[in-house]
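These are the residues of each chain, in order.
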Amino acid sequence: MAWDFETDPEYQRKLDWADEFVREEVEPLDLVWEHEQFVPLEGARRAAIEPLKKQVREQGLWATHLGPDLGGQGYGQLKLALLNEILGRSSWAPIVFGCQAPDTGNAEIIAHYGTSEQKQRYLRPLLEGELFSSYSMTEPQAGADPTRFETRAVRDGDDWIINGWKFFSSNAKTAAFLIVMAVTNTDVSPYKGMSMFLVPTDTPGINIERNVGLYGEPINGGSHALIHYENVRVPNEALLGGEGQAFVIAQTRLGGGRIHHAMRTIGLAQQAIDMMCERALSRETAGSRLADKQFVQGYIADSYAQLAQFRLFVLNTAWKIDKYNDYKKVRKDIATAKIIMPTVLHDIAWRAMQIHGALGTTNEMPFFRMIHGAGVMGLADGPTEVHKGTVAKQVLRDYQPTDGMWPTQWIPAKQQAAREKFAEFLEHEAGNL
Ligand SMILES: Cc1cc2nc3c(=O)[nH]c(=O)nc-3n(C[C@H](O)[C@H](O)[C@H](O)COP(=O)(O)OP(=O)(O)OC[C@H]3O[C@@H](n4cnc5c(N)ncnc54)[C@H](O)[C@@H]3O)c2cc1C
């Protein structure tokens, strides 16, 4: 009987250490350097953050998603899930623990498809946390449907020339390099006619036209770049994983990224429940505590139930990734976690905001940021609707259409079959009447 929901005591001790460390040492960074997670370390930030990273390494918790060959511990996804639900509370924590999106996914594909020169140049410093990367795939006229991408890369001798527009290339303004998806062959299907390129951000012709801000950030003061690639010349060695491989590479990248977001979301939703419960016990109105009102008890119970289901699903998915070591085999589950994630965070954060009254709606509490974050999660790495399509297609694979006119569970036909099966006994019963 192999089902076991317990964490081994040695790893639990590390999680307990991480829990306190994040609370005491890392969460305060969010309040001091709020939007600077992806700015390369220097000056005061380097002085404050390097010692924290050192402690994480000493605990053996640096980049735990990676195998030992890449400087990680080879712990796998289940252990990462348990750690990530702690890290999800803080926007700086993934940086301090060396497992931040989008760099984890970007590192994963360079590790998988990169040449040894590419690994040396991009992967090593990326894993050390010394530089950042940006994934440049979405275009202004096409996001969810990559077959409509128009950015072209055309051969010119030993080089490629890239032209086109990309939208929402997160962190491009501080990244050292971009992973650009471009059409390289228009004569074949888009699934075989696109390629990925590793392009240093300071290459001539890369024009960041705007840094689009999310809600609450200043206009043009965000970190999601609209980029005009204008005759960007890169050598053939910039090609990642061979010509026409972009779709295969993209799937490798997005599988891990999506489930890591789900893991961190558990921590954020738990934080909202913690705040909800504290408030329910602290506030009195109309003769009793909020915690004694049935509506509020409903909020707490529904939130607990929603998060418990989501958490178990994410942990089980992480366990399956470790077991099969193949994202394709777990695609349905990863897509399902991606579908559930925005709703769980939205609903729980909304209830927590509601029971905090007016204060809950202000920028002095984190609820609206969480609710907005839930909206973002329904789009980043693909819209919920597209993932629902993926899940439905995978679920339907296990079914066949019925042969006849009636469903196989049509009761009159089943009743007839049951009567025939027991005809001998039924006749005996009738004979005894
Ligand atoms: C915070 C954030 C960070 C991001 N970071 C990056 C990044 O680093 N790099 C990058 O390349 N991209 C990034 N993206 C872009 C993201 O991948 C796209 O937003 C996403 O793929 C959807 O594309 P779109 O925004 O063009 O929406 P569209 O493709 O226009 O879709 C809009 C809506 O149409 C509906 N829809 C679309 N397709 C279907 C369908 N097949 N069936 C039913 N309904 C459908 C859905 O409601 C969907 O939300 C980021 C997005 C966000 C919000």
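Bear in mind that the values here come from a model prediction, so they are computed numbers and not experimental data.

Chemist: Any chance you could explain the environment of Ala44 here in plain terms?
Modeler: Position of Ala44 relative to the elements: it lies in helix 2 (residues 43-58). Of the residues examined, Ala44 has 10 C-beta atoms within 10 Å and is grouped as exposed. Put simply, Ala44 and Gln141 are 97 residues apart on the chain and 41 Å apart in space, counted from C-alpha to C-alpha.

Chemist: How should the UniProt feature "domain: Acyl-CoA dehydrogenase/oxidase N-terminal" (unreviewed entry) in the chain be read in this particular structure?
Modeler: Within this structure's numbering, the places UniProt gives as "domain: Acyl-CoA dehydrogenase/oxidase N-terminal" (unreviewed entry) are residues 11-130. Helix makes up 63% of residues 11-130 and strand 0%, whereas the separation of the span's terminal C-alpha atoms amounts to 27 Å.

Chemist: Explanation requested: the site of the ligand in the structure shown.
Modeler: In the region of the ligand, 20 residues are neighbours, and Met137, Gly143, Ala144, Ser170 and Pro383 sit closest. For the shell around the ligand, the elements supplying multiple residues, two or more each, are strand 1 (133-136), strand 3 (159-170) and helix 12 (384-396). Structurally, the shell around the ligand is a two-domain feature, drawing no fewer than three residues from each of domain 2 (133-240) and domain 3 (248-396).

Chemist: Please clarify how the packing of helix 7 (residues 246-282) against helix 11 (residues 367-377) should be interpreted in this entry.
Modeler: Viewed as axis vectors pointing N to C, helix 7 and helix 11 meet at an angle of 155°, and their least axial separation amounts to 11 Å. In terms of their interaxial angle, helix 7 and helix 11 are classed as roughly antiparallel. Relative to helix 11, the crossing made by helix 7 is left-handed. Contacts between helix 7 and helix 11 involve His261, Thr265, Leu268 and Ala272 on the former and, on the latter, Phe367, Met370 and Met377.

Chemist: What's the story with the pairing of strand 7 (residues 224-235) in this structure? I'm lost.
Modeler: Each regular strand carries side chains that alternate between the two faces of the sheet. Pairing between strand 3 and strand 7: 9 bridges, direction antiparallel. By the bridge assignment for strand 7, Trp165 is matched with His228. Bridge count for strand 6 (residues 206-212) against strand 7 is 6 bridges, and the pairing is antiparallel. If you follow Ile206 over to strand 7, its bridge partner there is Tyr229.

Chemist: Teacher, can you tell me more about the environment of Phe368 here?
Modeler: Take Phe368: it is sitting in helix 11. Judged by C-beta crowding, with 17 C-beta atoms within 10 Å, Phe368 ranks as partly exposed. Not counting chain neighbours up to four residues away, the residues in contact with Phe368 comprise Met353 and Thr361.

Chemist: Teacher, can you tell me more about the UniProt feature "domain: Acyl-CoA dehydrogenase/oxidase C-terminal" (unreviewed entry) in the chain here?
Modeler: The sites that UniProt annotates as "domain: Acyl-CoA dehydrogenase/oxidase C-terminal" (unreviewed entry) are residues 247-396. A helix fraction of 80% and a strand fraction of 3% characterise residues 247-396, whose end C-alpha atoms lie 23 Å from each other.

Chemist: I keep staring at unusual backbone geometry and nothing clicks. Help me out?
Modeler: Negative phi values dominate among residues other than glycine, just as trans dominates among peptide bonds. For the bond running from Ala101 to Pro102, omega is 0°, close enough to zero to count as cis. Following the sequence through the fold, Pro102 ends up in the loop between helix 4 (93-96) and helix 5 (103-113). A positive phi angle is found at Asn171, which is not glycine, with a value near 65°. Within the element layout of this structure, Asn171 appears in the loop between strand 3 and strand 4 (177-183).

Rules of the game
- Residues numbered from 1 in each chain as written.
- Predicted model: local features only at pLDDT ≥ 70, side-chain atom pairs only at ≥ 80, totals over all residues.
- Helix = DSSP H or I, 4+ residues; strand = E, 2+ residues; numbered from the N terminus.
- Buried ≥ 20, exposed ≤ 12 C-beta atoms within 10 Å, placed from the backbone.
- UniProt positions renumbered as here; feature names shortened; annotations may be inferred.
- Near = placed C-beta within 6 Å.
- Domains from an automatic or database assignment.
- Axes fitted to C-alpha atoms, helices over the stretch in contact; angles between N-to-C directions.
- Parallel < 35°, antiparallel > 145°, perpendicular 65-115°, else oblique.
- Left-handed = near helix turned anticlockwise from the far one by under 90°.
- Contact = placed C-beta atoms within 7 Å.
- Pairing = 2+ DSSP bridges.

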